Amino acid sequence: MKSATGYQGIPRWIYAIAAVGGLLVVLPLAAMLAKVNWPQFIPLVTSESSLAALGLSLRTSAASTVLCIVLGVPLALVLARGEFPGQRLLRSFVLLPLVLPPVVGGIALLYTFGRQGLLGKSLEVAGIQIAFSTTAVVLAQTFVALPFLVVSLEGALRSAGNRFEAVAATLGARPTTVLRRVTLPLVLPGLASGAVLSFARSLGEFGATLTFAGSLEGVTRTLPLEIYLQRETDADAAVALSLVLVAVAVAVVGLSYGRRRSSTPSEVQA
Amino acid sequence: MSFELQASLRARNFDMSLSLGDGETVAILGPNGAGKSTLLGVISGLLRPDSGAANIGGRHLFNLDAGTRHWSPPHLRGTALLAQEALLFPHLNALDNVAFGPRSAGASKTAARESAKLWLAEVDAANLANRKPAQLSGGQAQRVAVARALAAEPELLLLDEPMAALDIHAAPLLRRVLKRVLKDRKAIIVTHDVLDAYMLADRVIVVEKGRIAEEGPTRQVLERPRSHFAAGLAGLNLVTGTISEEGITTPDGRVFAGQHDPGWPPLPGQAGVAAFPPSSVSVFLGDVHGSPRNSFAVTITDLEPHGDQIRVRAGGPSQALSADITPAASADLGLVPGMEVRFVVKSALVSVYPA
C-alpha cells in the first residue's frame, strides 16, 4: 500500500538499479517477441506435434497439481501445526527440490522408480512400469512442484494461527470436522495461490522430466521438451511455442497475485 | 450435576482445585498471569496438566491421578469456550456460526439452522443472522459468539474475559444478555471487572500466582476481602496481621484499631485483616495532636486523580496504603512523591475480621 503522506524514503539511485533488474527480465522477453514469425504463428503453434505437447503439458500439470494438493496439504499441516521429532529435518527435505537442480531430481527418481530402482524392481514384478511413461512425467513434476504448495500453505496456516480451531473443538467439532469446516476455508487463499504456483512450476518442468521420463512424442514430450527439440531444427516454431508458455505463465502469475490481493484473509473482528 | 476439578501444571506454577454446584456461576478474579486462562485451558482440554482430575456429574473430563492417563479431547467435553475476542469463523455468516455446534453434534443443516435462529434471538441478534463477521461490530460479534457457545449446549460454559475487548458502550448490553443466559447455568467467567462479578456470579474465586487466594459468595468477598487483589477490586485498603483486642497488629508492630465484625467474634492471636476505604484516611504533615491511635508515618509513592479526589499512595515498611483527599487539601499540604507524611485512619471505619 502506498503511504498516504507521499514520503517513500527510497534513495533515487535505488530506482536506477531496480530498473536494471527489471530490464534483465523484460528485455529477453522483448527480444524473443521481436523474433516471433507472426504470419506463421498460428500454423506453428497448431502443428500436430505442438498441439500434442501442449495438451500433454496441460494434462500432466493438472494431474501433478492435484497430486501436490493431496500430498501437500497434509504435509503443510503437520509441518505447521504438528509437534514431532524430526520436524525440522522433514521440512528441510520437503523444501530440497526448490534448490536442487531438476536433473538431479530426475536421476533420483530414476533410481527409485526405474527398472533397476528401489521400488521399480518390485513394481516391475507387479507389471507396472513407471519410468519413461506419462506417469513418470507427473511424478517428476510433482517432485519439483510440491515445495511450492507446501511453503505457501504452511505460511498461510502459521499466520492464521489455531485459535479458531481451538474454539471449534470446544464447540464439539471432531478434528476432521475442524479441518474441513474451519481450517481449510480459512487458508483457502493460501492453498489456491500455492496450487497455482505448483501448476506453473509443473508446466515449466524440463530437467527432471527429460531424465526420468524421456522425450517420447505424445507420451512424455511436454511443451518445454518440444521447444528444446524444435530449437535445433525450427527456431521459428521454438519461439512461437515459447511465447505460448510465456502467455500461460503470465496468466498464471496474474491469477495468483490478483487472487491474493482481492482475497486477503478477513480481518478478525474483536 | 456438579463439576469438580483438581489440577496442577508445574510449568505454569498452577495448582487449583474447585467445584461448581448445579446451575452455579462462578467468577474467577485475579491479576494478569495469575492462572485464570490456564484454568480455562485445562478445563476445556486445550492445555494438559501434569496431574489432577476433573469430572462433570461423575463423567471424567480427565483423570491423570493414580497411574491412569484418561484424557478426553476438547470436542468430547461439553465445555464451550467464549474468549475475549469473538473469534467468529470469518467465512460463515452469523447464523451458520451459531449452527456450527449443533452441526458438529450431528444435527441436519435445517435443524441446526432452526436452533441457531432461536439462540440468536436469545441474545437479541436475530436480525444479524445473514451478516458475515466482518460486518458486525465488536459487541454484535460477541453476542453472536455467546449464541454460538450456547447453541453447542455445553454442560459447563467457560467465559474468558468476554467483555474485555468491547468498547464502553457495547459492554452493558452484553452484560445484560449474559445475566439472562447465565441464570441457572453452570458457568465459569474469568473477569477483571468487579461489576461482572456482582452482576453475573453467585460466587467469586480470587486467584493469585496460580493458587486460589480466597473464595466465597460475591458480596462477602467484595465487602470482606481477605486478599490484596480482592481488596483492590473493592477499593479498600487491606492490612494483614494478628487480631488483638483493639484491632489488628501487623508483623512490624503497628496497631490498626477498628471495629470487630459482629459476625466474627474476635479471637486474639488469630490471623486477621483490617479493611478500610481510602476515604477514611486523612493526611497530615509532621506530628499529630490529639488521639495518637491509627497514626502512621509513611512515605508518599504516588499521587493520582481518582474521581474528584486525589488518591495518595504510600508504601509503608511492608504494606501499601492509600488515602483519598481533596485536590485543594493536596495543594495546601504541597504533597509530592517521596514526602514523609502521617496517615491517620478513622477507627470507626476500619473493619477487622479473621483472614
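On a predicted model such as this, the values are computed, not experimentally measured, just so you know.

Asker: Help me understand the overall build of chain B, please; the structure alone is not making it clear to me.
Answerer: The helix and strand inventory of chain B stands at ten helices and 22 strands. When its C-alpha atoms are laid out on the principal axes, chain B stretches across 80 × 50 × 35 Å. Counting only residues that meet the buried cut, chain B has 44% of its 355 residues in that class. Sequence-distant contacts in chain B: of pairs separated by 6 or more residues, those separated by 24 or more amount to 65%.

Asker: I tried to follow the domain arrangement of chain B on my own but got confused; where do I start?
Answerer: For an interface, size is often stated in terms of accessible area lost upon the parts coming together. If you check the domain split of chain B, you get domain 1 (3-223) and domain 2 (237-354). Between domain 1 of chain B and domain 2 of chain B, the C-alpha centre-to-centre distance is 39 Å.

Asker: Can you walk me through helix α3 (residues 48-81) of chain A in this structure?
Answerer: Because each turn of an α-helix spans 3.6 residues, side chains separated by three or four positions in sequence point in the same direction. Under the 1.5 Å per step criterion, the end-to-end length of α3(A) is 48 Å for 34 residues, consistent within 8% with the ideal 50 Å. Along α3(A), the largest kink reaches about 30° and is centred on Gly72(A); proline Pro74(A) follows within four residues of it.

Asker: Please clarify how the packing of α3(A) against helix α10 (residues 188-204) of chain A should be interpreted in this entry.
Answerer: The geometry of a pair of packed helices is captured by two quantities: the angle between their axes and the separation between those axes. Residues and elements named next belong to chain A. Two numbers describe how α3 lies on α10: the axes approach to 9 Å, and their chain directions differ by 140°. Accordingly, the angle class assigned to the pair α3 and α10 is oblique. Where α3 crosses over α10, the two elements pack in a sense that is right-handed. Where α3 abuts α10, its residues Ser57, Thr60, Ser61, Ser64, Thr65, Cys68 and Ile69 lie against Ala195, Ser198, Phe199, Ser202 and Leu203. Taken together, the residues of the contact of α3 with α10 break down into five nonpolar, seven polar and no charged.

Asker: Just checking my understanding: could you explain the interface of chain A and chain B for this structure?
Answerer: Listed as interface residues are 20 residues of chain A and, on the opposing side, 26 residues of chain B. For the side of chain A that touches chain B, the secondary-structure elements that each account for two or more residues are α8 (163-170) and α9 (175-186) of chain A. Among the elements that take part in the side of chain A that touches chain B, α8(A) stands out by supplying seven residues, more than any other. A breakdown of the residues in the side of chain A that touches chain B according to their chemical character gives twelve nonpolar, five polar and three charged.

Asker: In this structure, what is going on with unusual backbone geometry? I would like to understand it.
Answerer: Peptide bonds are, in most cases, trans, and in most cases residues other than glycine have a negative phi. Residues and elements named next belong to chain B. Phi angles above zero are rare outside glycine, and Glu161 is one such case at about 45°. With respect to the helices, strands and loops of the structure, Glu161 is situated in the loop between β8 (157-160) and α6 (171-182). Even without a glycine there, the phi angle at Lys209 is positive, about 50°. In this structure, Lys209 sits in the loop between β10 (203-208) and β11 (211-217).

Asker: Teacher, can you tell me more about the pairing of strand β5 (residues 59-63) of chain B here?
Answerer: Sheet faces and side chains relate simply in a regular strand, where the side chains alternate between the two faces. Residues and elements named next belong to chain B. Where strand β4 (residues 51-56) lies against β5, four bridges are found, and the strand directions are antiparallel. Pairing of Ile56 across the sheet is with Arg59, part of β5. With antiparallel pairing between neighbouring strands as the criterion, β4 and β5 make up a hairpin whose turn holds two residues, including Gly57 at a positive phi of roughly 55°. The pairing of β5 with strand β6 (residues 70-71) spans two bridges and is classified as antiparallel. Pairing of Asn63 across the sheet is with His70, part of β6. Two successive antiparallel strands, β5 and β6, enclose a turn made up of six residues, where Ala66 displays a positive phi of approximately 55°.

Asker: Quick question: what am I supposed to make of the sheet that holds strand β16 (residues 271-276) of chain B here?
Answerer: Hydrogen bonding along the main chain pairs the strands of a sheet, whether they run parallel or antiparallel. All names here are of chain B. Here six strands make up an open sheet; going across it, the order is β14-β13-β12-β16-β22-β15 and the pairing mixed. Edge positions in the sheet fall to β14 (255-257) and β15 (259-260), since each of these pairs with one other strand and no more. Note that strand β13 (residues 247-249) and β14 share three bridges and pair antiparallel. Residue Gly247 lies in a different strand from β14, and its bridge partner there is Ala257.

Cut-offs applied
- Residues numbered from 1 in each chain as written.
- Chains lettered and ligands numbered in written order.
- Predicted model: local features only at pLDDT ≥ 70, side-chain atom pairs only at ≥ 80, totals over all residues.
- Helix = DSSP H or I, 4+ residues; strand = E, 2+ residues; numbered from the N terminus.
- Buried ≥ 20, exposed ≤ 12 C-beta atoms within 10 Å, placed from the backbone.
- Contact = placed C-beta atoms within 7 Å.
- Domains from an automatic or database assignment.
- Expected span 1.5 Å × (residues − 1).
- Bend = angle between axes of the 7 residues up to and from the residue.
- Axes fitted to C-alpha atoms, helices over the stretch in contact; angles between N-to-C directions.
- Parallel < 35°, antiparallel > 145°, perpendicular 65-115°, else oblique.
- Left-handed = near helix turned anticlockwise from the far one by under 90°.
- Nonpolar A, V, L, I, M, F, W, Y, C, P; charged D, E, K, R; others polar.
- Pairing = 2+ DSSP bridges.

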